[in-house]
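Reading the structure
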Amino acid sequence: MDYNFKDIEARWQSFWATQTPYKVKDNHDLPKYYCLDMFPYPSGDGLHVGHWKGYVFSDVFARMKFFQGFNVLHPMGYDAFGLPAENNAIKRGIHPEICTKQNIDKIGVQLRSIGAMYDWSRELSTTDPEYYKWTQWIFLKMFERGLAYESSMPINWCPQCLTGLANEEACGGACERCGTPVEQKAIRQWVLKITEYAERLLNDLDTLEWPEKVKLMQANWIGRSEGLIFTAPVKDMSLSIETFSAHFEAFAADTFVVIAPDHQLLDTLIKGMPQEQEVRDYCKYLLDKRAGGANRVDEEGDGIEGIFTGRYIIDPCGNGELPIWVASFALAHYGTGMVKCSAHDERDFAFAKKYNIPLKVVLVPQDAELRAKVEAQEICYTDMVNGELLAPSAFAGKVAGECRKDIIEYCAKNGLARSHVTYKLRDWIFSRQRYWGEPIPLVHCASCGIVPVPESELPVLLPKVDSYSASTNGESPLAGIEWWVNTTCPSCKGPGKRETNTMPQWAGSCWYFLRYPNPKLDTAAFSPEDMKYWMPVDLYVGGIEHAVLHLLYSRFYVKVLYDVGAVPFNEPFKKLFNQGMVCMKSATSGRVEKMSKSKGNTVSPNDIIDQYGVDTLRMYTLFMGPPELDNEWQSDSIRGVFYFLKKLWVMVSEKTCLLEEGEVVSDVANRRFHKFLKDYSERLDRYLVNTAVASIMEFYNDIQGKNLKLSKDMLRDFLVAISVMAPYFSSELLQTYFGLQLHDQQWPVYNPALAQDLFVEIPVQVNGKLRATIQVDRLASREVVEQLARTAADKWLDPKKIATVVFVPGRLINFVAK
């Protein structure tokens, strides 16, 4: 029978859709396995083959756990609010709701073709009012706890997307979506107090089975620093300032102070000074550069800039009057926004050299030659662990790292400083000045202030309007819809106005994994029973680009819900796997780059399926390289996988590998089969899906090359094992030749005694020197091994001398001549 993949795949897609054999069981007594993909954004472009990499990878493990007897939840949905859909709708001249539905329908067909064991009865979209009703409910819980607040502080504004951005969305000074340099603009917006959870978000990273790279990225983004805050009066002013230092060991070296160009005290400091306007203009220049991402400072200090304010502090630490400078590298949100500076920080050192600010050395290395250069201020020495202190006198001659705690106590006892912990993490700019997003369920009342919409009135529906274009002045398009904006205050029943900013795209994706266990539940966002049984997610698969966006935000959401008492866990994802990207040569640059429509280097899965079939595409995406790394798409290689499946089909369908009636499986065939199962299962357990595919190919080659015959049970188990990669292929063969349904099978288990390597390699030594290596049957007797070894080492053995044999079974044989 020919491998007619088109008929096979169409038939099984129809069967799975109507019979739903992989539907989740409502039985909480079974062991559970929650396997989750980061759900897609349904763009008009649909999926390319790069998207398949993560979806096929996760399906391998969902299927394996299913056959191992687990109750598997492997759901799919759509993250469908946000800027891309809205911009696409504006471009096409249709409403975002219509555009989004069209995109979901298109991508839904593609997702179903993958053959993944998704339970489509649990499909959800973040734009469904019955879903975003609970997104709004979660926001209200945050508002009730003081974790959501209104602010008009300057934020990152994207002039292209016409909306405010969180710091995580403007990393490097450019919009994460479109790449446009962001501006600082004062816009009324809503902010979530994620900083209240900074310590927990950091500490709980240690409990997660996540890639160390992702945990490090989050830790660095949270940016915990433990240090001292020094207080000092400003000369000729009735004002004291506070400066923060995380590396305070060399505090006796401080010779100047820097302040952020957007610090709230700057106006007070420079008011009435001769250079007031010059400083103001320079600060605007620095902030404009920072907003554009141009103000980067490298290790040598290139890019640092500043201006003297004309003010000084009187340092209580005995360093005299220290000038206060505005500096490009000082950040208003880090520490106190002001820092005392010295010769023992590379940026401080470079800044002082550039502006001829005097420096003072109090920390030196042990090496005499290097110490001379440090004392001459030729180089900057920053080793706060091994450096020797010269001052103050209480610590002179001591190693800095050994007396850090003593310095803290000394500064506190003498009233010089107090301990303080600070974070780089900023509160989350949560609202957007656009139409296509969840309405924020708040009402502004002249008498009552800001009032939450009662839970009984949720969801606050997004109004259906013809005009939804964004405004250049930062006003939401909802603000112009008077019939919707004007409402009644829930508290005093007087006139009120609805909040017109909408939630960001992240709002719906921060908790969607909690909804999948029961997406039709209408009395709550999720049930306690479901949360206790299904959560946390056992395996979460997605791209590393979400490390400090979605993954950090989701952890924050879950911790808030835990504190509210809504869920019995405080981390959502037990194990995280980041798949690499699929790359291909770009038509625009000629370089091998991530697949992207803009680069002209995408490959449509529809075309591949039409030519080679779904199972070929599935197996190739798994085989193309280590799944955690970026892999290059190779058209020749996918043809090779297709031809392999055709050969495998012939071997099984024509039963050339099957024993005749009455024949017994040979020891060699039995051992090779169990060795395959062992290698295959162990590689999957370690997520080495590419080498697992290789083990299938190696097994096939051995069957063909050594003419091995398998029993019916062995061939059945083989098809079940490879079905996680090629489900259509296996389903057809199991039904046609065995009368079995794939979903009724169990995961094959190997026999450890039979799964050992058939042969072992043993080094042969003569007088301790390696002379040969022999391959022998693992079960061969000592006599046989010794004879093979003598033959291999014959030319090094002196026939006139009797040799003693040192024999280590399975490891070594050594002939020692007397």
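Quick look at the structure, then. Just so you know, these numbers come straight off a predicted model, no measurement behind them.

**Section: helix 7 (residues 212-222)**
Of the positions making up helix 7, those classed as buried are Val214, Lys215, Gln218 and Ile222. Angularly, the buried residues of helix 7 cover 100 degrees about the axis, an arc narrow enough to put them on a single face. For helix 7, exposure combined with an orientation more than 90 degrees from the buried face picks out Glu212, Lys213 and Leu216. Looking at the packing, one finds that the buried side of helix 7 touches helix 6 (198-203), helix 17 (550-564) and strand 25 (576-578). After helix 7 finishes, the residue glycine 223 shows a positive phi value of roughly 60 degrees.

**A short note on the packing of aromatic side chains**
Any aromatic ring pair is given by two values, namely how distant the centres are and how the planes are angled relative to each other. Tallied over the full model, the rule gives 65 aromatic pairs. Centre to centre, the rings of tryptophan 134 and tryptophan 137 are 6.1 Å apart; their planes meet at 75 degrees, and the pair counts as edge-to-face. Linking tryptophan 134 with tryptophan 137, this pair stays in helix 5 (residues 129-144), spanning three residues, or about one helical turn. Exposure class is identical for tryptophan 134 and tryptophan 137. Each is buried. Taking the centre distance of 5.3 Å and the plane angle of 55 degrees together, the rings of tyrosine 612 and phenylalanine 642 count as tilted. You can see tyrosine 612 sitting in helix 18 (residues 605-612) and its partner phenylalanine 642 sitting in helix 20 (residues 635-653), a full 30 residues away along the chain. Three or more aromatic residues joined by ring pairs make a cluster, and in this case those are Phe139, Phe143, Trp190, Tyr197, Trp428, Phe430, Trp506, Tyr553, Phe556 and Tyr557. Here arginine 112 stacks its cationic end above the ring of tryptophan 120, 3.8 Å away from the centre of that ring. Sitting over the ring of tryptophan 484, arginine 498 keeps its end group 5.7 Å from the ring centre.

**Considerations on the sheet that holds strand 27 (residues 592-594)**
In a beta sheet, neighbouring strands pair by backbone hydrogen bonds and run either parallel or antiparallel. What the three strands build is an open sheet, ordered 27-26-28; its pairing is mixed. Two strands lie at the open edges of the sheet, namely strand 27 and strand 28 (631-632), each paired on one side alone. Pairing of strand 26 (residues 582-585) with strand 28 involves two bridges; the strand directions are parallel. For cysteine 583, the partnering residue across the bridge sits in strand 28 and is glutamate 632.

**A closer look at helix 18**
All of the buried residues in helix 18 are Pro605, Ile608, Ile609 and Tyr612. Buried positions in helix 18, seen along its axis, are confined to an arc of 100 degrees and lie on one side of it. Buried residues in helix 18 make contact with helix 1 (5-19), helix 2 (49-67), helix 4 (96-113), helix 19 (614-623) and helix 20. By the N-cap criterion, in which a side-chain oxygen at the helix start approaches the backbone nitrogen of a residue two or three places on, helix 18 is capped by serine 604, the distance to asparagine 606 being 3.1 Å. Glycine 613 lies just past helix 18 and shows a positive phi near 100 degrees.

**So, the sheet that holds strand 22 (residues 486-488)**
Strand order in the open sheet formed by four strands is 21-20-23-22, with antiparallel pairing between adjacent strands. Two strands close off the open sheet at either side, each with one partner strand: strand 21 (449-452) and strand 22. When strand polarity is set aside, the average angle formed by the axes of neighbouring strands in this sheet is 45 degrees. Two elements, strand 20 (residues 442-445) and strand 23 (residues 495-498), share two bridges in a ladder whose sense is antiparallel. Of the residues in strand 23, the one forming a bridge with histidine 444 is lysine 497.

Scoring rules and cut-offs
- Residues numbered from 1 in each chain as written.
- Predicted model: local features only at pLDDT ≥ 70, side-chain atom pairs only at ≥ 80, totals over all residues.
- Heavy atoms only, no water.
- Buried < 20%, exposed > 50% of the residue type's maximum accessible area, 1.4 Å probe, protein only.
- Helix = DSSP H or I, 4+ residues; strand = E, 2+ residues; numbered from the N terminus.
- Arc of directions from axis to C-beta.
- Contact = heavy atoms within 4.5 Å.
- Phe/Tyr/Trp six-rings, centres within 6.5 Å; stacked < 30°, edge-to-face > 60°.
- Lys NZ or Arg CZ within 6 Å of the ring centre and 35° of its normal.
- Pairing = 2+ DSSP bridges.
- Polar contact = N/O pair within 3.5 Å; in protein donor to acceptor, adjacent residues only side chain to side chain.
- Axes fitted to C-alpha atoms, helices over the stretch in contact; angles between N-to-C directions.

Structural measurements only, silent on function.
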